[in-house]
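Chain residues, written in single-letter form:
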Amino acid sequence: MTTRLATGGRLLDRGRSVSFTFNGKRLSGVEGDTLASALLANGQMLMGRSFKYHRPRGVVASGAEEPNALMNLGSGGRFEPNQRATTQELFDGLEAASQNHWPSLEFDIGAVNSHVSRFLPAGFYYKTFMAPRPAWKHVFEPFIRQSAGLGRAPKERDADVYEHAYLHVDVLVVGGGVAGLTAARAGGLSGASVLLVEQTGHWGGRAPVDGAEIDGQGAEDWIASAVTELEAMPNVRLQTRTMGAGVYDHGYALVYERLTDHLSDKTGPRHRLWKIRARHIVTATGAIERPLSFAANDLPGVMLASAVRDYVVNYGVSPGDRTVVVTNNDDAYRTALALKEAGLEVPAILDARLEATGALPEAARAAGIRVLTGRGIAKVKGRRAVEGVAICAQAGEGAVLEEIKCDAVAMSGGWSPVVHLWSHCGGKLNWDDAGAFFRPDPSRAPTGADGTAFVTVAGTANGHLLTAEAIADAHEAGKAAAKAAGHTATRKAAPKATSEVEAPMAPVWMMPQGAGAALRQKMWLDYQNDVKVSDVQLAAREGFESVEHTKRYTTLGMATDQGKLSNINGLAILAGSLNAAIPQVGTTTFRPPYTPISMGAIAGEARGELFQPLRRTPLHDWHEANGAVWEPVGAWRRPYTYRKPGEATEDAVAREITATRASLGLLDASTLGKILVKGPDAGRFLDMLYTNMMSSLAIGKCRYGLMCSENGFLMDDGVVARLSDDAFLCHTTTGGADRIHAHMEEWLQTEWWDWKVYTANLTEQYAQIAVVGPNARKVLDKLGGMDVSKETLPFMAWADGALAGHAVRVFRISFSGELSFEVAVKANEGRALWDKLLDAGAEFGATPYGTEGLHVLRAEKGFIMIGDETDGTVIPQDLGLGWAISKKKDDYIGKRAQERSHMTDPARWKLVGLETVDGTVLPDGAYAVGDGVNENGQRVTQGRVTSTYYSPTLARGIAMGLVLDGPDRMGEVIDFASLDGTGTVVKTKIVDPVFFDKAGEKQNV
Amino acid sequence: MKRYSAFAIAREALRNHTGWDRAWASPEPKKRYDVIIVGAGGHGLATAYYLGKNFGITNVAVLEKGWLGGGNTGRNTTIIRSNYLQDPSAAIYEKSRSLYETLSQDLNYNIMFSPRGVIMLAQTEHEVRGYKRTAHANALQGVKTEYITPKRVKELVPIIALDGPRYPVLGGLWQARGGTARHDAVAWGYARACSAMGMDIIQRCEVTGVTRDGGKVTGVTTTRGDIGCDKLGIVVAGHSGHLADMAGFRLPIESVALQALVSEPIKPCMDVVVMANTVHGYMSQSDKGEMVIGGGADGYNNYTQRGSFHHIEETVRALIETFPMISRLKMLRQWGGIVDMTGDRSPILSKTPVDGVFINCGWGTGGFKAIPGSGWAMAELMAKGTSPLADAFSLGRFREGRFIDESVAAGVAH
């Protein structure tokens, strides 16, 4: 029976009781508890169900490596699945619920899987569920999905907020045990700026539990003074509840801070994700104890020896009244001694080694504990909890020598250094025979851009399991890191620790060594995913010899603990099955993060309104207040149309078009890209960028230009205005502004870096208003301040001047076929000018129009739209824009590509106008069908719709499209396929793409 | 090859599963083969399989530098769909999708093809038009797709937020017969079937050179000796440029790392695959319960198969906007795979300047879904010198400007 002890618990504040619920039941713990320790204190050993067999499971570990005790936490917008009870600090009001069972934790129907487990070995699902074929989707898969999956899915929007933080440091030290403290101290004393992070809420790691002596003080006292010393250093920053999550190229590290997970008060950010740039990283991440593989080692009550010790010493909790310790090393004897000291019974220590003669075993014997050497556990007795152990010879096949009653088992298979962060960025490992673990190989470290190592591992993580060695190693690591960061290493001495001499451990990968099939099918390697020794052996037998194959076939190490407990044991079993040495089998790849980090933290502040913030033109608020139906265009919102109360969207569009053609329309054109290109080589540069000749453009004039990609495809268009001898203003499409600016810079920086050209994206510096329609000039004249007559400002000219007191630049250009002026004004004067235009235009019925009106107006004139008529496969020649391609230039981007055989093939799809015979609007995206099918059985096509609208001007549907040999087929009627599934076609006539004012008279007035 | 079945499992259960054979043999390389395939990923193994199955060519070796299925086959996000825009793409991906439907039965290996449906969200007017166009094209290509309303999207994906502040869901392109499969099992299933036909799958055998006589291939040099062949298929996504270099020609390929991640497993909450191309993220839920998330490719050329963080951050942000509940989930693991990118984002299945050498590469970010179709077409190309499914994807198209650009309908193609 697990219970709270009357005394002990170094992390507890026993005076402060904390109330929480588990599966709806109200329980109480103590300030300082973890959820796991509080549950144990309440007699709750059963904490969850395994993934595959739904086996009853208790807590195994006391830290981040816990595979079993995963909980649904909280509720509503603060619900979170799969939180480890061992790392969740208890707070008042915490709500926890166990996972992966139905109807309840105690009685789980899914446990039937466990009884038929012999029919469900590793990978069984690859060999069955294949017939009848539809059954996979409709029967087997839903069943598998339902029984897998662990925690519940959150339902509500996250109630918490998250943030990102950034820090540059000389040295990042990960891990706040005695090694981390020592390394940080050495770095700090050397003058380096140091960030020291510790994943738990307290400093010192295992040392206070293990009982080392440092600099003549007890571990606890030394830790306190070390922290005080570090806190006094201005160049050292310390953070608890902060985990090193990942190490990436160039000393970039992700560090994950949990701010409110341990508090009742959830105000403020929940997590903070630190992005650290460190000159050097020291990982002092300790080691994790390995389980032993004996039959029924997954019963609730079987725990790591170190965890048992932690619960007794740190939390004053007994994992059981009678605990059998089983081990292959000296360290586990500390657990026996700690239990004894707490007044609990230890009926026996089973040591798989043939002798146990060191100081710790002797101390155990002196404490009256029975020590049996050369022995192991044949089987743990009990169905849902430990009731006893059957003892056998480790060297045998499991013949039972004796049975001992107990209610807990503390096991230790040795320790594995935590090498994750070292490995994330390519650090390699060596196998250490003495410790039977992988340790970092300093000669194959992660290296930075200069080829030097940027990660050093310190202490236990570096394979130094004894405190004295770990501290000496960490001191050197701290000095080396400071030195790597350009500081002179401190000459102060390392702290000196003493610890008991330990006898060598003996690797034990299976207990007993000669266990038969029946036992091996009950030896768990990966608790959460239910992978057993027999599964790994099966994988090896079936040829899954690569460690990655074994992992993927059996799912070993793929659970939420990512194999922290199971990987080395699994590797050893695999190596044994293959008769290979463990290092030859190798490890699987360590991937970030070290333990799972919240998606919320990854996203940080950038959510909701802050996720890709909207770009707003100076007129945005006016649009909003005047019925704008918004359309996202790039990062902008543009009004699609302005709806009057009670008006349908399509009616609003028609009204705007009609008003513009008849009298006066106004368009917010501010989002159009405006890129200034300036310098002595500006003309030469633009000649390369555009298909047209731009260097010959006269100052004061505008020219419509086309830009192609290297592959010859049309990528953007716009009007270029020559401002001065060495300056051009290039207009781009709204969506293209940033892309085209980057395109320009790429060519300038990578190909023509010696050309004297600068570019600047001025898009947001100006508001730009298109004043369009027969009365456009009148309204500008009313505003007064400059001459915009045909003579002074002819079509395709521009002029600086003033309008209604605003300094403006007026471009006489048109995308509607109407008399049109685009007026640019400083952004902060945009709204004032807009208001004045509306005022002055009132007598002409001035009508603001949106993007849809813009589209229809241009389509009526047969003007192409980038993204409609083009899609990355269309060359200007396809669009009848050959006139905009200079024949005089030697080169421009895309020229060579356009000379390839398919590009110059006369049989291409080319731009035409399209009119349905019945006057209706052609469906968007429809294809024109040809005769028959191609060699792959697909219907032959001969064209497609690129733009299709209802034209209020012509009172019929109009469309543009690309049709095979289209310009040579004027008047021909072809069939466009509809999508109604009946095979009906829309009869459509090929016409000239200019539907309105073919002579272009309206814009030249 | 002993057949897999529920009965076989029951029989083996009674003898503690000691009677299972190796899934594939582990032979020593022979002196020569009719055909050598370099690369035992999905595409390479499928090529070998269909050479045997469709053309009776079984004197075949598949050489693998590491472990079979260890490249992009074992790193992708397992999406299968064929709702492509251009005719050649739709043809090969639809062939592939239809082969996936019966692949478990064909291989006698459950690759867990799950035709759960794929939605590509339209979140801009431009995407709306693009997907309507794709739906029109698919109808003529014999690919069953449908443009659906936001209401229908919500019915299919209850956890989606239609009204994100930035990119509201305006509709979607729905392919009900798209879905996912178990990626490793595809490689394993093909490997087992190839091995059963007597082909040699040779792992830990790195090709170090391509030997030629005149303009014709004669074999390869490897870390396990020289091996002769009449025909050589290079099927090594992520390393195509290296192998082409050994054979003496160059490829229009850039290699970049594509990023992906999974969450911790949770109970079923999303039954279909959702792709949000405007915000560059896609997500499905594996049978284990993990949310499998794919994002963008790194912006620089690279051969390092490692996760980097900046794209993960962008992808997760985008998906939290689309699926707010995932904010409370945790990222379990992130990784990267090296993808071959061509100029038009379509693959290369082609003869090469070296007689007898064929190449299959350039699948970019979407190769998994193509494995059976790609193998089918590549086998035909290698056996007959031409294949209607492959011919449009020849290397010559770059010289001719005959691009097959799929970025047309989607910002990213997966």
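Residues numbered from 1 in each chain as written. Chains lettered and ligands numbered in written order. Predicted model: local features only at pLDDT ≥ 70, side-chain atom pairs only at ≥ 80, totals over all residues. Heavy atoms only, no water.

When helices and strands are tallied, chain B shows 11 helices and 18 strands. Expected size for 414 residues packed as a compact globule is a radius of gyration near 22 Å; at 21 Å, chain B falls within 12% of this value. Counting only C-alpha atoms and orienting by the principal axes, one finds that chain B spans roughly 65 × 65 × 40 Å. Considering chain B as a whole, with its 414 residues, one finds that 70% of them fall into the buried category. Here the analysis covers contacts within chain B between residues at least 6 apart in sequence; of these, 75% occur between residues at least 24 apart. Total accessible area computed for chain B in this model is approximately 12400 Å², and 50% of it derives from carbon and sulfur atoms. The distance from the centre of the 46 positive side-chain charges to the centre of the 38 negative ones in chain B is 4 Å. (Helix = DSSP H or I, 4+ residues; strand = E, 2+ residues; numbered from the N terminus. Rg over C-alpha atoms; globule rule 2.2 N^0.38 Å. Buried < 20%, exposed > 50% of the residue type's maximum accessible area, 1.4 Å probe, protein only. Contact = heavy atoms within 4.5 Å. Areas by Shrake-Rupley, 256 points an atom, 1.4 Å probe, with all protein chains shown as cover. Lys, Arg positive; Asp, Glu negative; His and termini not counted. Charge placed at Lys NZ, Arg CZ, Asp CG, Glu CD.)

Within this structure, the stated rule accounts for 37 aromatic pairs over all chains. Judged by centre distance (5.6 Å) and plane angle (15 degrees), the ring pair of Tyr126(A) and Tyr109(B) falls under stacked. Pair noted here: Tyr126(A) is in the loop between helix 2 (112-115) and helix 3 (134-147) and Tyr109(B) is in the loop between helix 4 (103-107) and strand 4 (118-122), and the two residues belong to different chains. Each member of the pair, Tyr126(A) together with Tyr109(B), is buried. Residue placement shows Lys95(B) over the ring face of Trp376(B); its charged tip is 3.8 Å from the ring centre. One cation-aromatic arrangement involves Arg192(B) over Tyr4(B); the distance from NZ or CZ to the ring centre is 3.4 Å. (Phe/Tyr/Trp six-rings, centres within 6.5 Å; stacked < 30°, edge-to-face > 60°. Lys NZ or Arg CZ within 6 Å of the ring centre and 35° of its normal.)

Residues and elements named next belong to chain A. Mapping Val174 onto the fold places it in strand 9 (residues 162-174). With relative accessibility at 6%, the residue Val174 sits in the buried group. The spacing of Val174 and His855 is 681 residues in sequence and 58 Å in space, taken between C-alpha atoms.

Looking now at the pairing of strand 53 (residues 985-991) of chain A. All names here are of chain A. The pairing of strand 48 (residues 909-916) with strand 53 spans four bridges and is antiparallel. The residue of strand 53 that forms the bridge with Glu915 is Lys989. Where strand 52 (residues 973-977) meets strand 53, five bridges bridge the pair, whose relative direction is antiparallel. Within strand 53, the position partnered with Ile974 by the bridge is Thr988. (Pairing = 2+ DSSP bridges.)

What follows concerns the sheet that holds strand 46 (residues 820-826) of chain A. The mixed open sheet is built from six strands, whose spatial order is 44-45-46-43-37-47 (chain A). With partners counted over all chains shown, the strands left at the sheet margins are strand 44 (798-803) and strand 47 (847-848) of chain A, one partner each.

Residue and element names in this part refer to chain B. The domain architecture assigned to chain B consists of domain 1 (22-109 + 182-252 + 344-409) and domain 2 (118-178 + 255-342). Using C-alpha coordinates to define each centre, domain 1 is positioned 27 Å away from domain 2. Listed as interface residues are 37 residues of domain 1 and, on the opposing side, 36 residues of domain 2. Both sides together, the interface formed by domain 1 and domain 2 hides about 2900 Å², and carbon and sulfur atoms give 52% of it. Contact with domain 2 buries area across many residues of domain 1, yet Arg75, Thr77 and Asn83 alone supply 23% of it, more than any other trio. One can count one salt bridge joining domain 1 with domain 2. (Domains from an automatic or database assignment. Buried area = accessible area lost by both parts, 1.4 Å probe. Salt bridge = Lys/Arg side-chain N within 4 Å of Asp/Glu carboxyl O.)

With respect to the helices and strands, the residue Arg607(A) is situated in the loop between helix 17 (599-603) and helix 18 (620-625). One buried charged side chain, Arg607(A), makes no salt bridge at all; its nearest oppositely charged neighbour is Asp158(A), positioned 4.2 Å away. Setting aside chain neighbours within four positions, we find Arg607(A) in contact with Asp158(A), Asp160(A), Tyr162(A), Gly600(A), Ile320(B), Glu321(B) and Ser327(B).

Moving on, we get to the sheet that holds strand 13 (residues 273-276) of chain B. Pairing in this open sheet of nine strands is mixed, and the strands run 34(A)-16(B)-12(B)-15(B)-14(B)-13(B)-4(B)-6(B)-5(B) from one edge to the other. Each end of this open sheet is capped by a strand with a single partner; those strands are strand 34 (597-598) of chain A together with strand 5 (146-148) of chain B. Its contacts with the sheet place helix 5 (residues 125-141) of chain B against strand 4, strand 5 and strand 6 (171-175) of chain B, and it is angled at close to 140 degrees to strand 4 of chain B. (Axes fitted to C-alpha atoms, helices over the stretch in contact; angles between N-to-C directions.)

Moving on, we come to the nonpolar core. A general feature of soluble globular proteins is that nonpolar side chains tend to end up buried together. By size, the foremost hydrophobic cluster in this structure holds 201 residues, and its most contacted members are Leu35(A), Phe294(A), Tyr100(B), Tyr109(B), Val157(B), Tyr190(B) and Phe323(B). Broken down by element, this core gets its largest block of residues, eight residues, from helix 7 (residues 183-196) of chain B. If we ignore the near neighbours within four places in the chain, the residues touching Tyr190(B) are Leu45(B), Ala46(B), Tyr49(B), Tyr50(B), Leu103(B), Leu107(B), Ile371(B) and Pro372(B). The next biggest cluster of nonpolar side chains, apart from the first, holds 50 residues, and it includes Val197(A), Val247(A), Met523(A) and Ile568(A). (Core = buried A, V, L, I, M, F, W, Y, C linked by side-chain atoms within 4.5 Å.)

This part covers the pattern of salt bridges. All names here are of chain A. Across all of its chains, the model carries 85 salt bridges over all chains by this definition. Taking the shortest distance from any N to any O, the salt bridge between Glu89 and Arg241 comes out at 2.7 Å. Of this pair, Glu89 sits in the loop between strand 7 (80-84) and strand 8 (94-98) while Arg241 sits in the loop between strand 13 (236-239) and strand 14 (242-248), placing them 152 residues apart in sequence. For Lys782, the salt bridge is made with Glu843, and the minimal N-O distance between the two is 2.6 Å.

Residue and element names in this part refer to chain B. On average, residues of chain B score 94 in pLDDT, and 98% of them are at 70 or above. Contacts for the low-pLDDT stretch residues 410-414, under 50 throughout, to residues beyond four places or in other chains number 18 contacts. Confidence estimates for the predicted assembly give a pTM of 0.96 and an ipTM of 0.97. (pLDDT = per-residue confidence, 0-100.)

Attention shifts here to the interface of chain B and chain A. Taken together, the contact between chain B and chain A spans 113 residues of the former and 124 residues of the latter. When chain B packs against chain A, close to 10400 Å² is buried across both sides, 54% of that on carbon and sulfur atoms. The largest contributions to the chain B side of the interface with chain A come from Leu140(B), Arg166(B) and Arg328(B), which together make up 9% of the buried area. Where chain B meets chain A, there are 11 salt bridges. The salt bridge involving Arg133(B) is made with Asp871(A); its shortest N-O contact spans 2.8 Å. The biggest single contributor to the side of chain B that touches chain A is helix 5 of chain B, with 11 residues.

In terms of burial, helix 14 (residues 547-554) of chain A is a largely internal element, eight of the eight residues being buried. Buried within helix 14 of chain A are the following residues: Val547(A), Glu548(A), His549(A), Thr550(A), Lys551(A), Arg552(A), Tyr553(A) and Thr554(A). Summarising the contacts, the buried residues of helix 14 of chain A are in contact with strand 33 (531-532), helix 13 (533-541), helix 15 (567-578) and helix 16 (582-585) of chain A together with helix 7 and strand 16 (330-341) of chain B. For helix 14 of chain A, the N-terminal cap is Ser546(A); the gap from its side-chain oxygen to the backbone nitrogen of Glu548(A) is 3.1 Å. One or two positions beyond helix 14 of chain A, positive phi appears at Thr555(A), with a value near 70 degrees. (Polar contact = N/O pair within 3.5 Å; in protein donor to acceptor, adjacent residues only side chain to side chain.)

Residue and element names in this part refer to chain A. All chains considered together, the criterion is met by 12 cavities of 30 Å³ or more. In this model, the largest cavity occupies a volume close to 210 Å³. Along the wall of the largest cavity there are 19 residues; nearest its centre are Ser416, Pro417, His420, Ile568 and Phe590. The set of elements that each furnish at least two residues to the lining of the largest cavity consists of strand 27 (415-417), strand 29 (437-440) and helix 15. Considering only residue class, the lining of the largest cavity consists of 10 nonpolar, seven polar and two charged. Looking at which domains feed residues into the lining of the largest cavity, each of domain 2 (162-287 + 417-498) and domain 4 (508-580) gives three or more. Within this model, the second largest cavity holds a volume of roughly 160 Å³. Elements represented by at least two residues in the lining of the second largest cavity include exactly helix 12 (517-520) and helix 13. Broken down by element, the residue count for the lining of the second largest cavity peaks at five residues, all from helix 13. (1 Å grid on protein atoms, 1.4 Å probe; cavity = no way out; pocket = protein on both sides within 12 Å on 5 of 7 lines; lining within 4 Å. Points joined across faces, edges and corners; volume = space filled by probe spheres on them. Nonpolar A, V, L, I, M, F, W, Y, C, P; charged D, E, K, R; others polar.)

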